[in-house]
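Residue-level listing of the chains:
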Amino acid sequence: MNSLIIRRFVGLQKWRNLRVSLQNGSSFSNSFSSASAADVSPKDGGKGETFKASSFRDSLRLVNADSVLDLLRSYGFTDSQISSIIRSDPQVLIANTATSLGSKLEFLQARGASSSELTEIVSTVPKILGKREGKAISRYYDFVKVVIEADKSSKYVKLSHSLSQGNKIRNVLVLRELGVPQKRLLPLLISKAQPVCGKEKFDASLKKVVEMGFDPTTSTFVHALHMLYQMSDKTIEEKVEFYTSVGFTVDDVWAMVKKWPRSLTHSEKKVANSIETFLGLGFSRDEFLMMVKRFPQCIGFSTELVKKKTEYLVKEMNWPLKAVASIPQVVGYSLEKRTVPRCNVIKVLISKGLLESELPAISSVLTSTSEKFLNCYVRKHDDKQLVAELMVIFTGDRVSLTDQKTRLEQ
């Protein structure tokens, strides 16, 4: 978009805004009633370019568009960045005079913003210029700077739209000040997530989350905010009462919520089905309660998933149910990406008589880090061919279970 087109586009946008505020039937308004985007688009020949040219000049003088454009260029904004501002938020230029914009840009630059940083951030989220000079624009600018530096992606457009919601940016800034990492704030900012909408309900929900002792740097803090925002006190009380009716204590319930806030979002039917599934697999009720207290996520797993994983660990690997119950997180591991590859390594070692015991503890095989597992069961062997074979099995995370079994049989 060349300089002339930018000026005309700004003039048109400003004029459209002014038209809305004029009374219907005004001769001043009527004189421009047929103005459209087509009037400012490049055309071949002189007719398109000169159509209502005098009217455009009048409107440009009226809204002082030239001085605004010259001001932006003086701060290093390119034509591309200026056109981006016009397209995404022309209202910013309409509502501010060159003097007002200049004062805000000067203020931001005086705070240490480099020319390239200033132009990038303002052209990305031009609504910044709609903020009052001082603390408001400073906090807004700093926040957007963090967002942009951390995630330079196509989320720019979504970000710009989201920042139009005053309460949302206010609430996200509150979370930022509490220590919630930027990587968790950006999804809240650019989405329609309820927890950061509104004010009173957000404040009340946030207060509860903080009082419950959730760490702002963790994902559970945001999950808890989601849960408490969506559920009334009465609903929460009913959920707690139901959990106590199936064997948990009130303290158990809140300890579970601290580990996995979504524990309270499950329906009574879902919890009842989970109990039935685990008891049907042979776990005692006490073992089920222990598993959920240690790993609350397991109560949300589907019946099919729990059966498939438990049967593999117990029937295929011969670990006792008590071993699975004592370390319930093993039910949460991916079969194909973690459990089966590691277990297949163990099977090979057992078949070759290379393990001191017939079957290592389930914790040693499944809960250890990849590095620790490799050092303990793969890399320590002198036989390089064996190490290579085990590495192929271990790194076959995404190979189908059938293919992995075929490898062992060869």
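Reading guide: rules and limits
Residues numbered from 1 in each chain as written. Predicted model: local features only at pLDDT ≥ 70, side-chain atom pairs only at ≥ 80, totals over all residues. Heavy atoms only, no water. Helix = DSSP H or I, 4+ residues; strand = E, 2+ residues; numbered from the N terminus. Buried < 20%, exposed > 50% of the residue type's maximum accessible area, 1.4 Å probe, protein only. Contact = heavy atoms within 4.5 Å. Areas by Shrake-Rupley, 256 points an atom, 1.4 Å probe, with all protein chains shown as cover. Arc of directions from axis to C-beta. Axes fitted to C-alpha atoms, helices over the stretch in contact; angles between N-to-C directions. Parallel < 35°, antiparallel > 145°, perpendicular 65-115°, else oblique. Salt bridge = Lys/Arg side-chain N within 4 Å of Asp/Glu carboxyl O. Phe/Tyr/Trp six-rings, centres within 6.5 Å; stacked < 30°, edge-to-face > 60°. Lys NZ or Arg CZ within 6 Å of the ring centre and 35° of its normal. Polar contact = N/O pair within 3.5 Å; in protein donor to acceptor, adjacent residues only side chain to side chain. Left-handed = near helix turned anticlockwise from the far one by under 90°. Nonpolar A, V, L, I, M, F, W, Y, C, P; charged D, E, K, R; others polar. Patch = residues over 30% accessible without salt bridge, like charges linked within 9 Å, V, L, I, M, F, W, Y side chains within 5 Å. Lys, Arg positive; Asp, Glu negative; His and termini not counted. Charge placed at Lys NZ, Arg CZ, Asp CG, Glu CD.

**So, the overall build of the protein**
So, step 1. Within the protein one finds 26 helices and 0 strands.
So, step 2. Within the span of the protein, comprising 410 residues, buried residues form 44% of the whole.
So, step 3. Taking the contacts inside the protein whose residues are at least 6 apart along the sequence as the reference set, 69% of them involve residues at least 24 apart.
So, step 4. In the form shown here, the protein has an accessible surface area of approximately 20800 Å², with 51% of it arising from carbon and sulfur atoms.

**A short note on helix 5 (residues 65–74)**
So, step 1. Of the residues making up helix 5, those classed as buried are Ala 65, Val 68, Leu 69, Leu 71 and Leu 72. Buried residues of helix 5 fall within an arc of 160° about the axis and therefore sit on the same side.
So, step 2. Once helix 5 ends, the next one or two residues include Gly 76, with phi positive near 100°.

**Quick word on the environment of Ala 224**
So, step 1. Assignment of secondary structure puts Ala 224 in helix 15 (residues 219–230).
So, step 2. The exposure class of Ala 224 is buried, given its relative accessible area of 0%.
So, step 3. In this structure, the C-alpha to C-alpha distance between Ala 224 and Val 210, residues 14 residues apart in sequence, is 9.7 Å.

**So, the packing of helix 20 (residues 303–316) against helix 22 (residues 335–351)**
So, step 1. At a closest axis distance of 12 Å, the pairing of helix 20 and helix 22 adopts a crossing angle of 5°. Classified by the angle their axes make, helix 20 and helix 22 are roughly parallel. Packed against helix 20, whose contacting residues are Lys 308, Lys 309, Tyr 312, Leu 313 and Glu 316, the element helix 22 presents Leu 335, Thr 339, Val 340, Cys 343, Asn 344 and Lys 347 at the interface.

**A word on the environment of Phe 77**
So, step 1. Relative to the helices and strands, Phe 77 resides in the loop between helix 5 and helix 6 (79–88).
So, step 2. As for Phe 77 and Leu 118, which are separated by 41 residues in sequence, their C-alpha atoms are 8.8 Å apart.
So, step 3. Those residues in contact with Phe 77 that lie beyond four places of it in its chain are Leu 72, Ile 82, Ile 85, Leu 105, Leu 118, Thr 119, Val 122 and Ser 123.

**Some words on the pattern of salt bridges**
So, step 1. On inspection of all chains with the given rule, the structure shows 6 salt bridges.
So, step 2. Between Lys 293 and Asp 252 there is a salt bridge; the shortest N-O distance is 3.9 Å. Residue Lys 293 is found in helix 19 (residues 285–294), and its partner Asp 252 is found in helix 17 (residues 250–259); the two are separated by 41 residues along the sequence.
So, step 3. Linking Glu 371 and Arg 379 is a salt bridge whose minimum nitrogen-to-oxygen distance equals 2.7 Å.
So, step 4. Look at Glu 371 and you get partly exposed, because its relative accessible area is 45%.

**Digging into the packing of aromatic side chains**
So, step 1. According to the stated counting rule, one finds 6 aromatic pairs in the structure shown.
So, step 2. Pairing Phe 295 with Phe 301 gives two aromatic rings, centres 6.1 Å apart and planes at 55°, and the pair type is tilted.
So, step 3. Residue Phe 295 is classed as buried on the basis of its relative accessible area of 14%.
So, step 4. A centroid spacing of 5.5 Å and a plane angle of 15° characterise the contact between Phe 373 and Phe 394, whose relative ring orientation is stacked. Of the two residues, Phe 373 sits in helix 24 (residues 370–377) while Phe 394 sits in helix 25 (residues 384–394), which places them 21 residues apart along the sequence. A single burial state applies to Phe 373 and to Phe 394, both of which are buried.
So, step 5. Each member of the aromatic cluster is reached from another via a ring pair, and the members are Phe 278, Phe 283 and Phe 288.
So, step 6. One Lys or Arg, Arg 338, reaches over the ring of Tyr 333 and ends 4.3 Å from the middle of that ring.

**Considerations on the environment of Arg 170**
So, step 1. Within the element layout of this structure, Arg 170 appears in helix 12 (residues 166–178).
So, step 2. Separated by 28 residues in sequence, Arg 170 and Gly 198 have C-alpha atoms that sit 9.6 Å apart.
So, step 3. In this view, Arg 170 contacts Lys 199, Phe 202 and Asp 203; residues no more than four positions away in its chain are not counted.

**Details of the side chain of Thr 220**
So, step 1. As for its placement among the helices and strands, Thr 220 is situated in helix 15.
So, step 2. Among the polar contacts listed, one links the side chain of Thr 220 to the side chain of Thr 218, at a separation of 2.8 Å.
So, step 3. Discounting residues that sit within four places of it in the chain, Thr 220 has contacts with Phe 214, Lys 258, Lys 259 and Pro 261.

**Regarding the packing of helix 18 (residues 268–280) against helix 19**
So, step 1. Orientation of helix 18 relative to helix 19, taken along the N-to-C sense of each, is 120°, at an axis distance of 9 Å. Classified by the angle their axes make, helix 18 and helix 19 are oblique. The way helix 18 lies across helix 19 gives a crossing that is right-handed. Between helix 18 and helix 19, the residues in contact are Ser 274, Ile 275, Phe 278 and Leu 279 and Arg 285, Phe 288 and Met 291, respectively.
So, step 2. The class makeup of the residues in the contact of helix 18 with helix 19 is 5 nonpolar, 1 polar and 1 charged.

**Regarding a negative patch on the surface**
So, step 1. Residues Glu 237, Glu 238, Glu 241 and Glu 268 make up a contiguous surface patch of negative charge.
So, step 2. A per-element tally of the negative patch places helix 16 (residues 233–245) first, with 3 residues.
So, step 3. One can find Glu 268 in helix 18.

**Brief notes about the side chain of His 223**
So, step 1. Considering the arrangement of structural elements, one finds His 223 in helix 15.
So, step 2. The exposure class of His 223 is buried, given its relative accessible area of 17%.
So, step 3. Those residues in contact with His 223, other than ones at most four positions away along the chain, are Trp 260, Pro 261 and Arg 262.

**Concerning unusual backbone geometry**
So, step 1. A positive phi angle, near 70°, is found at Asn 318, a position not held by glycine.
So, step 2. Note on placement: Asn 318 falls in the loop between helix 20 and helix 21 (321–326).
So, step 3. Of the residues examined, Asn 318 reaches a relative accessible area of 57% and is grouped as exposed.

That is the geometry; function is a separate question.
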